[in-house]
Each structure stands twice: as C-alpha cells, then as structure tokens.
Amino acid sequence: MRLPAWTEPARRLGTLIPGRANLSRVIQVRPRGLRSSATLVLASVSNAVVAQSITSAPASLDVIAAVPANEIWAIAAAIIAVCTVAAYVLRGGAGRHGKTLLLATLLTVSALWSNSTSWAQMFAQFTQPAGQTLAIPVVPIVNEGALQGFEPADFLNSAGKALRISALAPPNFNQCFPDFPTSALPPAGGGGPPACAVGYVLGAGSSCRVDVDAICKSLATQATALISVSPTSLVFEANGSATVMVSADPASPQAAQNVMATIPGGSGLLVQSSTCTAPLSAGASCSITFTGSVVEGPTMVTVSGANTAAATLGVTVVASPPISISIAPTSLVFEANGNATVTVSADPASPQAAQNVMATIPGGSGLSVQSSTCTAPLSAGASCSITFTGSMLEGPTMVTVSGANTTVSTLGVTVAASPTISITSPVLANRVINVLSVTGLDLTVANDAPSAVNATAITVTNKAAVPDLMVDDSDCVSVAPGASCTLRLTSNTPYVPSTITVGGTNTANSPTTLIAFSHVGGLVFEISGGTGKVAADAAQSFSSSWTGSFSDVSGASSLDDGAANTAAIIANPACSGAPASCAAQRCQDLGTDWYLPAVNELVGMQAALCAGGSGCKFGGISLGYHWTSTQQSNLSARNVNMLFGVSLLDVKSTIYPVRCVKKF
C-alpha cells in the first residue's frame, strides 16, 4: 500500500536505524492531537526487541552496568512524532492546540537526545565508562534479488576509557534467515577492525567488529541438509532410462528442500520423472529417473537442494544393441513389370520396437518399392511387408532391409523374363471333349523349365469359337518353373473342332490348340442350325468295296444326301446279295441311323478333321482315299482323298477305308 506524503519523514528515519533489517515491524501512524502522539511513543517503546547484543565492561573488570538497547526505539518514536506533528501544524491544523502539541513533543525528544545511552545505541558506540549492552544489527546484502551476505557490525569505544567485551550474543539462524536461503551463498569476506571477541579489550577511540557475514554464513553451512546419491554413476541404452536414489542423512538437522538434478547445457539428458519434489526429511529417500536418446557421457550431473551440498552423478548413454529382424524369403524373383513381396519380422525377444524399417536399393538398379507396411514401429514379434517391382531385367540385385536400430538383412531380387508355357498333354488326337460328360478333357499346361518365375493364373484366354466351353482352372493359380497344372474342359454343347488359346497373367506366350467334340458316338464335324453330323470314330471304321458286283444303283447319285444314297444302295441286289462286301450295308450294321456319306459330306469331314495338309488330327482317319455313297456309273463310284480333300473315281470293287456318318 502506498503511504501518504505526511509519513515521508518517518520513512526516511527508518532507513538510518541500525538493526532495522532484523526488527521487522513498521509502525504507520497519523497524528491526531496530543493523545495520538502519546499513544505512538508508548507503542514504540513496548514493541522494541533486542534479538542479539554485545556487552562491554570496564577494562578493570568492575561490575558491569548493562544498559538495555530499548532507547533507540524511544528516539525513533519521538522523531516520528515530531515529524508528523510538524507536518500536521504546518498544514494549518488545530491552531493554538497544535502549536502546544508540537512544543510538548520537542521537549520529549530533547530529553531522549540528552541520554547518552540512547545516543550510543543510535550510532553503535559504547559511551558508558561503566559498560553497556548494544544490539548487533543484521543487515542483509541483496543483489538483483539474491542474498549475497551481511553487513559487518563495527562498534566504537566512545566512553573515554578502555572497555572489555564481556559478553556476546551472536545472531541465530532464524535471525539471519527469516526466510530459508534458496541459493548457495558466496564465501564470507575478511578484513576490517579486530573481532569483538569476549575478553577483548577495546581501547578508547578504537573499534572492533562483529562479523555478522561470517556468523550467518557459518550458521547456513551448519544447517545444510546432508544428502547422498546411489549409485554414483548410471549407464543405460539410448531411449532407455535409469534411476538414482537420493537419500537424506538420518543425522541431517532439517529436511532437504527442492532436491533436483542439474544437467549441463548441451547435454541430451532429460529428467524423465522425479519423486523428489516434496521436502526430503532426515533418513528418507526419493528417486530421479533419467533418459536420453543420444549416445553421450559420462556426463556429470549434480543433484542438490536449496539447503544441501551438491552430490555428483556420472550419467552415460550407450548405443542400444540392434534389434534383430529377419526376412522371408531371402530371395525374390518376378517378371518385368510384375512384383514380389518380402515379409520382415522383429525378434519376439526384442526389448523395443524396430524403428523406420525400410529397403535400401543399390544405385543404378531399376528396382523400386511398390508398397510397404513397415512405416510404423515394428514391435517385438510383429511383421510387416515390402513389395518390390521393376520393369527391366536384372539381378540378382542385393537389397538391404534394416531399421534405424536394427540388424541388416540382405535380400536378392531378380527381375526375370516372363515365363513361357506349353500344352503338354494329351496328344492332339486325344484332345476331345465328350459332350454332356462331367469327366471332360484334362489339358496339362507346363511352366517351361527355363522360366525363372512362377506362371500365374493360367486359364483359357480365348474361346470365342466355343462360347459354352467351361473351364476349371483352380489347379493353375501359380505354377513354378518346370511344374505343370491341369485345365479341365467340359461342354454341354457340341462344336466342330475349334481352336482355343491358353495363357497366364504373366506369361510371355499364349499357346493355342485344337479341341474336338465327341457326341452321340462320333466326332462332330458339322453343325448347322442346331443340328449336326458326326463321323464314326476309329473303332467303328473299316475297309470295304463299294459293292461286291457291278450294278447301276438308281437313286444313289446325290452329292449331299448320303442317307438317301445309302438306302438306295442297300435295296439293290448288288448290295443285298453280298452285304459283307457292301460299304453302305456295313454302315447300317453300326445302327440304323448310320450311313455312308455322300461325296460333299466326306469332303466336309476332311475339312473339319483333317485340314491343313498335315494329316487328320482326330479320330485316327487314314490319309488315303475313302468311299462315298455317290455313284458315278454302274462300274464306278466317287471317293475322297482325306489328305487333300479331293474327289476321284474308282471301280466299285476296289477296297477303300470307310467312315460312316450319323446325324443329330
């Protein structure tokens, strides 16, 4: 609170009073007439306290007449009263009564001023030849808010004769430090007059000194709490931690205050936690835990409190042993523009997570990381994956996989040419699908041995000619180099022999193959508007003459209707008289719906089953001439060359192969 202007004289006086720093009570009064001034003087005298003192006696060891040091407060109170009354009168207050009050106050001060004991107390002088007791002032020296020490108290012998210091009551700890010191004090100074020790003879006009600075600092040292640390050195791994125990000695005179660690500037150490925030009583302990992420040390850390000596602790942060990681597989092979994945696993016994796991690809390589799940810390026993890709052939390229705190694993990565496949079985002649059969045709597809990578997702990639073809490719998801898989083909719809294409998602080639369809007991060679024709298979084929004798068979000259020709031939005696030598009859013997094909029907069969000039692919059909049911004359009939599909004439008695036909 800001004091009014009329108290300024009193405030200035207070700064001159020895011992003021230790006598902390300040009296703020405003005069209200004679009654108020009297009250002020009485209050001042009754509140004076001699907290510490020095006593002198005649050097001849006469009886000491100790004089109390209370007069100083009487003088102070009187001066304050004079100042306040004067200010009151000068402001025009109280008229004649005010002047009377001022005169009374001046007479009181004059009486006190004439008292030599009070004068001595005011100016730290021994003035009584018989000896006297004076207060020892405790005046702190403060610099920028920090306590530096205390002013020395010098005492002058003004008694006119030698005096002996007969008693000395130095300040105690609480008088030196009303508030406990919060920082270490600098060492006590020296020099000045001789010390005012008990028994010291102080000559007239001489001075002696009570070294208040040394006394108070000695008390501070004696009051220091004793602490120790255990252990005196700590070692832990980077990103780890270690704890030191701080213990207060059971004999400590008081609790240790504000115990904390002081870490040197530039160090990467940190206090992770502390239980030393509360005062540490004698015999008690607390703990401070340190951590650090950078290798360093030993770094000298001090542990101390506001009232303790410092304990020194050496803290060392060492490199953590690398976390063990493994990869599976240890080599990858994939085709250009493909990809492959490696799995990275952290050892289950790892003390901490693997950090920043990534792949390092050598410069100049065309490899790249397509994706990674290893971006987050990899905890002990956990796994992540890294997928590689590349568009150019290379390898094996040695790629390293590691983290910021892990071992290094090496991975060989090869970008190979795309695999080639081939259809290896069955032989072409047996690549026949039985229509409406669940057994179907099993095509074996091989990943050729020179391939370096698996052929994936092999299936029929083009079946435009046979749209109802059904493909089971579950066995061909991934085929290793040199291995094979099976494509099972089935169909409920008959087709003429057609070409299909087989391939994989990463294969370099897509082989094709013809497949034929077996239906109603024969090989399908013609389809038209939901109907068709089949040729008898190899087991039903035979060789025969057209007829055993020559005859003009009426109604057997059709180029397209073999069934009509067959009926006419069978009815003719040239056939019925020798059925074993009649090709038409022998076809009928296979079943009433079988017949000897007309010339154009047989040409169509050759085109479907034997086209290309390289022989017949299906049904075991021989390459020579085969009889047709088309008569040319009574002596000859037409035949067809199954290699080229051309028709010629020959006498009816010639023996040729026969392939019968049936409609469906």
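Okay, the overall build of the protein next. On a plain count of helices and strands, the protein comes out with 11 helices and 44 strands. Among the 664 residues that make up the protein, the fraction classed as buried is 43%. For the protein, contacts bridging at least 24 residues in sequence account for 68% of all contacts bridging at least 6. Only carbon and sulfur atoms are counted for the fraction: they give 56% of the accessible area of the protein, which is about 30,700 Å².

This part is about the side chain of Gln631. Among the secondary structure elements, Gln631 is positioned in strand 40 (residues 625–631). A relative accessible area of 6% means that Gln631 is categorised as buried. One polar contact links the side chain of Gln631 to the main-chain amide nitrogen of Val553, over a distance of 2.8 Å. A polar contact is formed between the side chain of Gln631 and the side chain of Lys652, at a distance of 2.5 Å. Residues within four places of Gln631 in sequence aside, it is in contact with Trp546, Ser551, Asp552, Val553, Ala556, Ser557, Ser636, Ala637 and Lys652.

So, on to the environment of Thr420. Within the fold, Thr420 resides in the loop between strand 25 (409–416) and strand 26 (421–425). For Thr420, a relative accessible area of 28% translates into the label partly exposed. Through-space distance from the C-alpha of Thr420 to that of Ala452 is 9.7 Å; in sequence the pair is 32 residues apart. Those residues within four positions of Thr420 in sequence are excluded, and the remaining contacts are Ala446, Asn447, Asp448, Ser451, Ala508 and Asn509.

Attention shifts here to the sheet that holds strand 2 (residues 125–126). Pairing in this open sheet of three strands is mixed, and the strands run 2-6-9 from one edge to the other. Sheet topology places strand 2 and strand 9 (207–210) at the edges, where each strand pairs with a single neighbour.

What follows deals with the sheet that holds strand 25. Here we have four strands laid out as an open sheet, ordered 19-25-24-21, and mixed in their pairing. On the outer flanks of this sheet lie strand 19 (331–335) and strand 21 (358–360), each paired with one strand and no other. With strand direction ignored, the average angle separating the axes of adjacent strands in the sheet is 30 degrees. As paired strands, strand 24 (residues 394–402) and strand 25 are joined by six bridges and run antiparallel to one another. Within the sheet, the bridge partner assigned to Thr397 lies in strand 25 and is Val413.

For helix 8 (residues 562–571), the set of buried residues is Gly562, Asn565, Thr566, Ala568, Ile569 and Ile570. Buried residues in helix 8 make contact with helix 9 (573–576), helix 10 (583–590), strand 39 (594–595), helix 11 (599–609) and strand 40. Capping the start of helix 8 is the job of one residue whose side-chain oxygen sits 3.2 Å from the backbone nitrogen of Ala563: Asp561.

We now examine a nonpolar patch on the surface. Taken together, the side chains of Phe550, Leu635 and Val651 define a hydrophobic patch exposed on the protein surface, amounting to about 260 Å² of accessible area. Position of Val651 relative to the elements: it lies in strand 42 (residues 647–651).

The next point concerns the pattern of salt bridges. Taken as a whole and assessed by the stated rule, the structure comprises six salt bridges. A salt bridge links Lys533 to Glu526; the shortest N-O distance between them is 3.8 Å. Under the relative-accessibility criterion, Lys533 is labelled buried at 11%. Under the relative-accessibility criterion, Glu526 is labelled partly exposed at 28%. Because the salt bridges share partners, they merge into one network encompassing Glu526, Lys533 and Glu601.

Quick look at the packing of helix 8 against helix 10 now. Between helix 8 and helix 10, the shortest axis-to-axis distance is 8 Å and the interhelical angle comes to 110 degrees. As the angle between them shows, helix 8 and helix 10 are arranged roughly perpendicular. Pair helix 8 / helix 10 crosses with left-handed handedness. For the pair formed by helix 8 and helix 10, the contact residues are Thr566, Ile569 and Ile570 on the first element and Ala584, Gln585 and Gln588 on the second. Taken together, the residues that form the contact of helix 8 with helix 10 break down as three nonpolar, three polar and no charged.

This brings us to the pairing of strand 6 (residues 153–157). The side chains of a regular strand alternate between the sheet's two faces. Where burial is concerned, the two faces of strand 6 differ: the one with Ala153, Phe155 and Asn157 is buried and the one with Asp154 and Leu156 is not. Relative to strand 9, strand 6 runs antiparallel, the two sharing four bridges. Paired with Ala153 across the strands is Val210, a residue of strand 9.

This paragraph deals with the pairing of strand 25. Along strand 25, seven of the eight residues are buried, which leaves the element largely enclosed by surrounding structure. When strand 19 meets strand 25, the two strands line up parallel, connected through five bridges. Paired with Ser331 across the strands is Gly412, a residue of strand 25. Between strand 24 and strand 25, which pair antiparallel in sequence order, lie six residues.

An α-helical segment advances 3.6 residues per turn. Residues three or four places apart therefore align on the same side. Turning to helix 10, its buried residues are Ala583, Ala584, Gln585 and Cys587. Looking at the packing, one finds that the buried side of helix 10 touches strand 38 (542–544), helix 8, helix 9, strand 39 and strand 43 (656–658). Where helix 10 terminates, the next one or two residues include Gly591, which has phi positive at roughly 160 degrees.

In this section: the nonpolar core. What tends to happen in soluble globular proteins is that the nonpolar side chains get buried as a cluster. If you look at the biggest cluster of nonpolar residues, it comprises 44 residues, and the most contacted ones within it are Ile458, Leu487 and Leu489. With residues near it in sequence (within four places) discarded, Leu489 still touches Ile433, Gly440, Leu441, Leu443, Val460, Leu469, Met470, Val471 and Ile500. Counting residues in each nonpolar core, the second largest holds 25 residues, with Ala225, Ala238, Ala256 and Val317 among its members.

Counted by the stated rule, this structure contains eight disulfides. For Cys276, the disulfide goes to Cys286, at an S-S distance of 1.9 Å. What sets the handedness of the Cys276 and Cys286 disulfide is the S-S torsion sign, and at about 95 degrees it is right-handed. One end of the pair, Cys276, is in the loop between strand 14 (270–274) and strand 15 (285–291); the other, Cys286, is in strand 15, with 10 residues separating them in the sequence.

As for its position among the elements, Thr133 is in strand 3 (residues 133–135). Along the primary structure Thr133 and Ala57 are separated by 76 residues, whereas in three dimensions their C-alpha atoms are 9.1 Å apart. Within the structure, the side chain of Thr133 is placed 2.8 Å from the side chain of Thr55, a separation counted as a polar contact.

Reading the values: rules and limits
- Residues numbered from 1 in each chain as written.
- Predicted model: local features only at pLDDT ≥ 70, side-chain atom pairs only at ≥ 80, totals over all residues.
- Heavy atoms only, no water.
- Helix = DSSP H or I, 4+ residues; strand = E, 2+ residues; numbered from the N terminus.
- Buried < 20%, exposed > 50% of the residue type's maximum accessible area, 1.4 Å probe, protein only.
- Contact = heavy atoms within 4.5 Å.
- Areas by Shrake-Rupley, 256 points an atom, 1.4 Å probe, with all protein chains shown as cover.
- Polar contact = N/O pair within 3.5 Å; in protein donor to acceptor, adjacent residues only side chain to side chain.
- Pairing = 2+ DSSP bridges.
- Axes fitted to C-alpha atoms, helices over the stretch in contact; angles between N-to-C directions.
- Patch = residues over 30% accessible without salt bridge, like charges linked within 9 Å, V, L, I, M, F, W, Y side chains within 5 Å.
- Salt bridge = Lys/Arg side-chain N within 4 Å of Asp/Glu carboxyl O.
- Parallel < 35°, antiparallel > 145°, perpendicular 65-115°, else oblique.
- Left-handed = near helix turned anticlockwise from the far one by under 90°.
- Nonpolar A, V, L, I, M, F, W, Y, C, P; charged D, E, K, R; others polar.
- Core = buried A, V, L, I, M, F, W, Y, C linked by side-chain atoms within 4.5 Å.
- Disulfide = S-S within 2.5 Å.

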